[in-house]
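Below are the chains, spelled out letter by letter.
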Amino acid sequence: MTDRGARARLLAARQQAAARAIAAEAAFHQARVLLLIAAFSGRSRGLRSLARISRLDYLLRFPPVLQYINLTDAAQWPSSAKPLPAERRATDINFAATRYGLWTDRYTLIIGSLIGKQLVSVVPGRILEVITTPAGREAAKQLSNTAQWNPTHLRAEFLHRQLNMSAPQLDALLRPAIRRLEADTAQATA
């Protein structure tokens, strides 16, 4: 009987650990997307469309990709938000390339969670335009004041200033950048 009880406790412990890991990963993605939405939120305008959110978030998730986009030198990550060497090494180029695209299921869940937590709301009368609530602005401010999230905050602000464009325009910049990134990676490993 103890053997069965020990197995049940072990299974329960594994399930609880898995649930905590899933919750932590969800919270990580929600925090990053909240900072992105906060950077694009004004008094009455927010960040419009899942396609646009996914493309901008791609640059937050894989910051080394920006160096492959044809922008002026002034339009590169600010020095305090440049990818760290560890981030450059951690960006698996093959993985980064496969993660590009409209992942509506993921963003629908993330935004739904942020709405449920009353950190963002949908702008009335618009097709999926999300804006931070007062609680969301405060949460984003608190996140941006931490060492872990400040670079993401600075990057989101930079994206608002430099790449505040439609999803098709972002796509036209990102696709060639990803191809150049893949070519560089293939050349480096050859």
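Structural notes, computed from the coordinates. (Residues numbered from 1 in each chain as written. Predicted model: local features only at pLDDT ≥ 70, side-chain atom pairs only at ≥ 80, totals over all residues. Heavy atoms only, no water.)

1. A few points about the nonpolar core
One recurring pattern in soluble globular proteins: nonpolar side chains tend to sit buried together. Residues Leu36, Val65, Leu114 and Leu159 are the most contacted members of the largest nonpolar core, which totals 40 residues. At the level of secondary structure, the elements contributing two or more residues to this core comprise α1 (2–40), α2 (50–61), α5 (104–116), α6 (134–144), α7 (150–162) and α8 (167–189). Top contributing element to this core by residue count: α1, with eight residues. Not counting the four nearest positions on each side in its chain, Val65 is found in contact with Tyr58, Leu59, Leu174, Ala177 and Leu181. (Core = buried A, V, L, I, M, F, W, Y, C linked by side-chain atoms within 4.5 Å. Buried < 20%, exposed > 50% of the residue type's maximum accessible area, 1.4 Å probe, protein only. Helix = DSSP H or I, 4+ residues; strand = E, 2+ residues; numbered from the N terminus. Contact = heavy atoms within 4.5 Å.)

2. A look at the packing of aromatic side chains
Summed over all chains, the structure comprises two aromatic pairs. With 5.1 Å between their ring centres and 50 degrees between their planes, Tyr58 and Phe62 make a pair best called tilted. (Phe/Tyr/Trp six-rings, centres within 6.5 Å; stacked < 30°, edge-to-face > 60°.)

3. Looking at the pattern of salt bridges
A full pass over the atoms with the stated rule returns seven salt bridges. Taking the shortest distance from any N to any O, the salt bridge between Arg106 and Glu25 comes out at 3.9 Å. Taken together, the residues Arg106 in helix α5 and Glu25 in helix α1 connect sequence positions 81 residues apart. Accessibility expressed as a relative area gives 44% for Glu25, which makes it partly exposed. Two residues, Glu129 and Arg48, come together in a salt bridge whose shortest N-O distance is 3.1 Å. Here Arg48 lies in strand β1 (residues 47–48) and Glu129 lies in strand β3 (residues 129–132), a separation of 81 residues in the sequence. (Salt bridge = Lys/Arg side-chain N within 4 Å of Asp/Glu carboxyl O.)

4. Considerations on the environment of Leu47
Here Leu47 lies in strand β1. Residue Leu47 is classed as buried on the basis of its relative accessible area, which comes to 0%. Through-space distance from the C-alpha of Leu47 to that of Asn164 is 9.6 Å; in sequence the pair is 117 residues apart. Beyond its immediate stretch of four places on either side in the chain, Leu47 contacts Leu36, Ile37, Phe40, Arg52, Ile53, Leu56, Leu128, Glu129 and Val130.

5. Considering α6
For α6, every residue scored as buried is listed here: Gly136, Ala140, Leu143 and Ser144. Buried residues of α6 fall within an arc of 95 degrees about the axis and therefore sit on the same side. Exposed residues pointing more than 90 degrees away from the buried face of α6 are listed as Pro134 and Gln142. (Arc of directions from axis to C-beta.)

6. Here's the deal with the pairing of β3
Neither face of β3 is exposed, since Glu129 and Ile131 on one face and Val130 and Thr132 on the opposite face are all buried. For β1 and β3, the ladder comprises two bridges, and the chain directions are antiparallel. Within β3, the residue paired with Arg48 across the bridge is Glu129. Summarising the sheet, strand β2 (residues 120–122) and β3 pair through three bridges and their orientation is antiparallel. Residue Val120 lies in a different strand from β3, and its bridge partner there is Thr132. (Pairing = 2+ DSSP bridges.)

7. A few points about the packing of α2 against α7
Between α2 and α7, the least distance of the axes is 10 Å, while the angle of their chain directions is 140 degrees. Judged on the interaxial angle alone, α7 and α2 are oblique. Classified by chirality, the crossing of α7 by α2 is right-handed. Contacts from Leu56, Leu59 and Leu60 of α2 reach α7 at Thr152, Arg155, Ala156 and Leu159. When grouped by side-chain class, the residues that make up the contact of α2 with α7 number five nonpolar, one polar and one charged. (Axes fitted to C-alpha atoms, helices over the stretch in contact; angles between N-to-C directions. Parallel < 35°, antiparallel > 145°, perpendicular 65-115°, else oblique. Left-handed = near helix turned anticlockwise from the far one by under 90°. Nonpolar A, V, L, I, M, F, W, Y, C, P; charged D, E, K, R; others polar.)

8. Re α2
The end-to-end C-alpha separation of α2 is 16 Å, in line with the 16 Å expected for twelve residues at 1.5 Å each. Taken together, the buried positions of α2 are Leu50, Ala51, Arg52, Ile53, Ser54, Arg55, Leu56, Asp57, Tyr58, Leu59 and Leu60. (Expected span 1.5 Å × (residues − 1).)

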